[in-house]
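Structure at a glance
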Amino acid sequence: MKYKRLLISVAVTAFEFTVFLVWGLNMDGGDAMGFGLITTYFLFPLTTLILSIYLAHENVVYVIPFILIMFAAQNFMPFFVFGSFEVVLILCFTLIPAFIGTLIGVGIKKFKK
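Here the structure is a predicted model, which is why all the values come from computation and not from measurement.

**Re the overall build of the protein chain**
Within the protein chain one finds four helices and zero strands. Reading the helices (α) and strands (β) of the protein chain from amino to carboxyl end gives α-α-α-α. When burial is assessed residue by residue, the protein chain has 35% of its 113 residues classed as buried. A fraction of 73% describes how many contacts in the protein chain between residues 6 or more apart in sequence connect residues 24 or more apart. Total accessible area on the protein chain is roughly 6700 Å²; 77% of this is exposed by carbon and sulfur atoms.

Next comes the structure, spelled out in structure tokens:
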């Protein structure tokens, strides 16, 4: 299949978004800080980094739609759970790990050749 890596990355992103959305909507009031710290500052950027490396290892063109999907997922998660947007913060935590992951993936691809 031609777009296998992109489909796997989108599926992982959709699964992660669904799990965190269900967790966020079913948490108690005192758990909001932990939820925000874990998802926004750790898990979403880590997933973006790993999947960007995975996609850029095969073809850099696949990273562009993935970054847009991750940006949408990370931007709307706080809106669904907390009712607010954090565009600048999420932009930094989406684009910087994606850029670093793309550079690492391209480096791995060039190193293997």
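Don't stop here, the text continues.
**Thoughts on the confidence of the model for the protein chain**
Per-residue pLDDT for the protein chain has a mean of 77; in total, 89% of the residues score no lower than 70. Here helix 3 (residues 63-82) stands out as the least confident element of the protein chain, with mean pLDDT 73; helix 4 (residues 87-112) is the most confident, with 82.

**Considering the packing of helix 1 (residues 4-25) against helix 2 (residues 32-58)**
Packing of helix 1 against helix 2 leaves a shortest axis separation of 10 Å and a crossing angle of 175°. Relative to helix 2, the element helix 1 lies roughly antiparallel. Across from Arg-5, Leu-6, Ile-8, Ser-9, Val-12, Thr-13, Glu-16, Phe-20, Trp-23 and Gly-24 in helix 1, the residues of helix 2 making contact are Phe-35, Ile-38, Thr-39, Leu-43, Phe-44, Thr-47, Leu-51, Tyr-54, Leu-55, His-57 and Glu-58. Considered class by class, the residues forming the contact of helix 1 with helix 2 number 12 nonpolar, six polar and three charged.

**A closer look at a nonpolar patch on the surface**
Residues Ile-96, Phe-99, Ile-100, Leu-103, Ile-104 and Ile-108 make up a contiguous nonpolar surface patch of about 540 Å² in total accessible area. In this fold, Ile-96 is placed in helix 4. Looking at Ile-96, the relative accessible area reads 49%, which means it is partly exposed.

**Side note on the environment of Leu-95**
Note on placement: Leu-95 falls in helix 4. For Leu-95, a relative accessible area of 39% corresponds to the partly exposed category. Sequence separation between Leu-95 and Ile-67 is 28 residues, and the spatial gap between their C-alpha atoms is 7.3 Å.

**Overview of the side chain of Thr-47**
Looking at the secondary structure, you find Thr-47 in helix 2. When its relative accessible area of 15% is taken as the criterion, Thr-47 is described as buried. Ignoring sequence-local partners within four residues, the contact set of Thr-47 consists of Val-12, Glu-16 and Met-70.

Rules and cut-offs
Residues numbered from 1 in each chain as written. Predicted model: local features only at pLDDT ≥ 70, side-chain atom pairs only at ≥ 80, totals over all residues. Heavy atoms only, no water. Helix = DSSP H or I, 4+ residues; strand = E, 2+ residues; numbered from the N terminus. Buried < 20%, exposed > 50% of the residue type's maximum accessible area, 1.4 Å probe, protein only. Contact = heavy atoms within 4.5 Å. Areas by Shrake-Rupley, 256 points an atom, 1.4 Å probe, with all protein chains shown as cover. pLDDT = per-residue confidence, 0-100. Axes fitted to C-alpha atoms, helices over the stretch in contact; angles between N-to-C directions. Parallel < 35°, antiparallel > 145°, perpendicular 65-115°, else oblique. Nonpolar A, V, L, I, M, F, W, Y, C, P; charged D, E, K, R; others polar. Patch = residues over 30% accessible without salt bridge, like charges linked within 9 Å, V, L, I, M, F, W, Y side chains within 5 Å. Salt bridge = Lys/Arg side-chain N within 4 Å of Asp/Glu carboxyl O.

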